[in-house]
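# Secondary and tertiary structure notes
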Amino acid sequence: MRALLHKTADRLISLSAFLGTLGLLLVVGVIVADVAGRNFGMPLYGAQDIVIMTMVIIVFGGMALCGRDNGHIVVDIFEPHFSPRLNRLIDVAAALLGVTVFVLIAYAVFQSAQLSRMLNLATNLLRLPTAWFQLALCALSLVAALAMLLRAVTAALGPHSAAPIDQDPT
């Protein structure tokens, strides 16, 4: 059961990172086309709308992968002075705090998406519904929360189990 849960979560995290990568490629393409078009007096219409909305997918697409691989910024000044058990407890607490933050982000943005739908809010030029991007942010935040929850469980189960596979646990 645990292996199936990890496999499913890894697939969701990989999908999230893949969507972030596609978003990054789209933004790069749009910016290149816009800059080249401006050079010839024909800028890409709606480039700003596309870039702004896609940045949500880029940033939150990579959050789950960052959470799973423990890539968030950490200052380990006191870690060598604490016992392994206390360090593990701190890792679990930090991961659970991350879960809480991402769930709260998803909840707040979901409420905002409902309001955006009700008011038919859209981007300035292309009239893209902002609710679509807000709902994408909700989904990606929940995947990040799942990644952080798995990180908390992994950290709670044993010493140094929270370290990424490619990192030396010492």
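All values derive from a computational prediction rather than experimental measurement.

Cut-offs applied
Residues numbered from 1 in each chain as written. Predicted model: local features only at pLDDT ≥ 70, side-chain atom pairs only at ≥ 80, totals over all residues. Heavy atoms only, no water. Helix = DSSP H or I, 4+ residues; strand = E, 2+ residues; numbered from the N terminus. Buried < 20%, exposed > 50% of the residue type's maximum accessible area, 1.4 Å probe, protein only. Axes fitted to C-alpha atoms, helices over the stretch in contact; angles between N-to-C directions. Parallel < 35°, antiparallel > 145°, perpendicular 65-115°, else oblique. Left-handed = near helix turned anticlockwise from the far one by under 90°. Nonpolar A, V, L, I, M, F, W, Y, C, P; charged D, E, K, R; others polar. Expected span 1.5 Å × (residues − 1). Bend = angle between axes of the 7 residues up to and from the residue. Contact = heavy atoms within 4.5 Å.

### Comments concerning unusual backbone geometry
With a phi angle near 55 degrees, N70 is a residue other than glycine that sits in the positive phi range. Here N70 is to be found in the loop between helix 2 (47-68) and helix 3 (84-119). In the Ramachandran plot, N120 falls in the positive-phi region, its phi being about 55 degrees despite a non-glycine side chain. Mapping N120 onto the fold places it in the loop between helix 3 and helix 4 (130-157).

### Here we look at the environment of A33
Within the secondary structure, A33 is located in helix 1 (residues 2-39). Taking relative accessible area as the criterion, A33 reaches 36% and is therefore assigned partly exposed. In this structure, the C-alpha to C-alpha distance between A33 and M55, residues 22 residues apart in sequence, is 17 Å.

### Examining the packing of helix 3 against helix 4
The packing of two helices is summarised by the inter-axis angle and the distance between the axes. Where helix 3 contacts helix 4, the two axes come as close as 8 Å, and the packing angle between them is 165 degrees. Judged by the inter-axis angle, helix 3 sits roughly antiparallel to helix 4. For the pair helix 3 and helix 4, the sense of crossing is left-handed. Partitioned by chemical class, the residues of the contact of helix 3 with helix 4 number 24 nonpolar, six polar and four charged.

### Digging into the environment of A145
Positionally, A145 belongs in helix 4. Sequence-wise, A145 and L5 are 140 residues apart; in three dimensions their C-alpha atoms are separated by 14 Å.

### Here's the deal with helix 2
Under the 1.5 Å per step criterion, the end-to-end length of helix 2 is 32 Å for 22 residues, consistent within 8% with the ideal 32 Å. Remark: the principal bend of helix 2, roughly 25 degrees, maps to T54. If you check which residues of helix 2 are buried, you get A47, D49, V51, M53, T54, I58, F60, G61, A64 and G67. Its buried side turned inward, helix 2 meets helix 1, helix 3 and helix 4. Within two residues after helix 2, N70 carries a phi angle of roughly 55 degrees, on the positive side.

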